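# Residue-level structure breakdown
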Amino acid sequence: MSEENEEVDDERPIAGIGTLVFGKWDATEIVCSDPGLAPYLNLKTVGTPHSGGRHANAWFGKAKLSIVERFINGLMRSGKYTGKKLGAAKAFEEALDRIADRTGENPLQTFVNAIGNAAPMEEITRIRYGAVSQPKAVDSSPSRRLDVALRHLCKGSQQGTHKTKRSLTQCIVNELTKAAAGDVASFAIAKKEEVERIAASAR
């Protein structure tokens, strides 16, 4: 009986069934310090992060999509990486490997910390009173915060390759590590602080 209990207790993550990202990194040990974002951070992935857009027309279908795949899709928004999903996926996988070598920790934790630091708490909208429109500060929903953080992290990673010899992998590593540390040199952190500063003045 004791041998059977040991076999049952020894349930380790297996590559390809939704627990290991890229077959290397265990997503079950990742912790999000932001309680608002935590329910929306989906790290479950089955094998290759490519769903084929099956959640595209579903109500809040993007919440079921892995943030790893959403980040890879964001890298293909514009420029020379448009439509090259295999290249973007390989660049992100290599970036995670380099972050792991540099920090000695799970790189998915750095990725989640970067998203948490880059997610703006409030934004501005324009409210119209008759013929006059005024900016007004509004709180951002968790889903919106995640969308904005991923978009800015992808844009910062992609813009780092313009007119330089740096590869996409190097730029992803730079952007994620700076954002995880809360460094203003990160494009995503700079955009977040700019938006929150404008919102604070429009309260």
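Here the structure is shown first, and the text comes after it.
One structure accompanies this document, and this report is about it. (Residues numbered from 1 in each chain as written. Predicted model: local features only at pLDDT ≥ 70, side-chain atom pairs only at ≥ 80, totals over all residues. Heavy atoms only, no water.)

### Some details on the overall build of the protein chain
Helix and strand content of the protein chain: seven helices and four strands. Helices and strands in the protein chain line up, N terminus first, as α-β-β-α-α-α-β-β-α-α-α. In the protein chain, which comprises 203 residues, the proportion classed as buried is 41%. Counting only contacts in the protein chain whose residues sit at least 6 apart along the sequence, the fraction spanning at least 24 positions is 62%. Accessible surface, the protein chain as shown: approximately 11800 Å² in total, 51% of it carbon and sulfur. (Helix = DSSP H or I, 4+ residues; strand = E, 2+ residues; numbered from the N terminus. Buried < 20%, exposed > 50% of the residue type's maximum accessible area, 1.4 Å probe, protein only. Contact = heavy atoms within 4.5 Å. Areas by Shrake-Rupley, 256 points an atom, 1.4 Å probe, with all protein chains shown as cover.)

### Some points on the nonpolar core
In terms of nonpolar packing, the biggest core is built from 42 residues, with F92 and I115 touching the most fellow members. Take this core: its biggest share by element is eight residues, from helix α3 (residues 85-103). Contacts of I115, omitting those with residues within four sequence positions, involve L37, L41, I67, L146, A149, L150 and L153. (Core = buried A, V, L, I, M, F, W, Y, C linked by side-chain atoms within 4.5 Å.)

### With respect to the pairing of strand β3 (residues 122-129)
Where β3 meets strand β4 (residues 132-139), eight bridges bridge the pair, whose relative direction is antiparallel. Its bridge partner being in β4, I124 is matched across the sheet by A137. (Pairing = 2+ DSSP bridges.)

### Section: the environment of E193
Summarising the element assignment, E193 is placed in helix α7 (residues 187-201). Once the C-alpha coordinates of E193 and A118 are considered, the two residues, 75 residues apart in sequence, prove to be 8.8 Å apart.

### A look at the pattern of salt bridges
The full count for this structure, using the stated rule, is eight salt bridges. Among the ionic pairs, D147 bridges to K62, the shortest N-O distance being 2.6 Å. One end of the pair, D147, is in helix α5 (residues 142-159); the other, K62, is in the loop between β2 (25-26) and α2 (67-75), with 85 residues separating them in the sequence. Here D147 falls in the buried class, since its relative accessible area comes to 15%. Accessibility expressed as a relative area gives 33% for K62, which makes it partly exposed. The salt bridge partner of K85 is E69, with a shortest N-O separation of 3.1 Å. (Salt bridge = Lys/Arg side-chain N within 4 Å of Asp/Glu carboxyl O.)

### Some details on α2
Within α2, eight of the nine residues are buried, which leaves it mostly tucked inside the rest of the structure. Along α2, the positions that sit buried rather than exposed are I67, V68, E69, R70, F71, I72, G74 and L75. Buried residues along α2 sit in contact with β1 (20-21), α3, α4 (107-118), α5 and α6 (168-180). A side-chain oxygen of the first residue of α2 lies 3.2 Å from the backbone nitrogen of V68; this N-cap is S66. (Polar contact = N/O pair within 3.5 Å; in protein donor to acceptor, adjacent residues only side chain to side chain.)

### Concerning α7
Working note: α-helix, 3.6 residues per turn, so residues spaced by three or four point in the same direction. Its 15 residues give α7 an end-to-end C-alpha distance of 21 Å, which sits within 8% of 21 Å, the value for a rise of 1.5 Å per residue. Every buried residue of α7 is listed here: A188, I189, K192 and A199. Looking straight down α7, one finds its buried side chains confined to an arc of 95°; they lie on one side. The outward face of α7, more than 90 degrees from its buried face, is lined by the exposed residues R197 and S201. Residues of α7 that are buried sit in contact with α4, β3, β4, α5 and α6. For α7, the N-terminal capping position is held by S186, with its side-chain oxygen 3.4 Å away from the main-chain nitrogen of A188. (Expected span 1.5 Å × (residues − 1). Arc of directions from axis to C-beta.)

### Concerning the side chain of D34
Inspection of the secondary structure assignment puts D34 in the loop between β2 and α2. Among the residues examined, D34 registers a relative accessible area of 15% and is labelled buried. Here the side chain of D34 touches G36 through a polar contact of 3.0 Å, landing on its backbone nitrogen. Within the local environment of D34, its side chain forms a polar contact with the side chain of R145, the two groups lying 2.8 Å apart.

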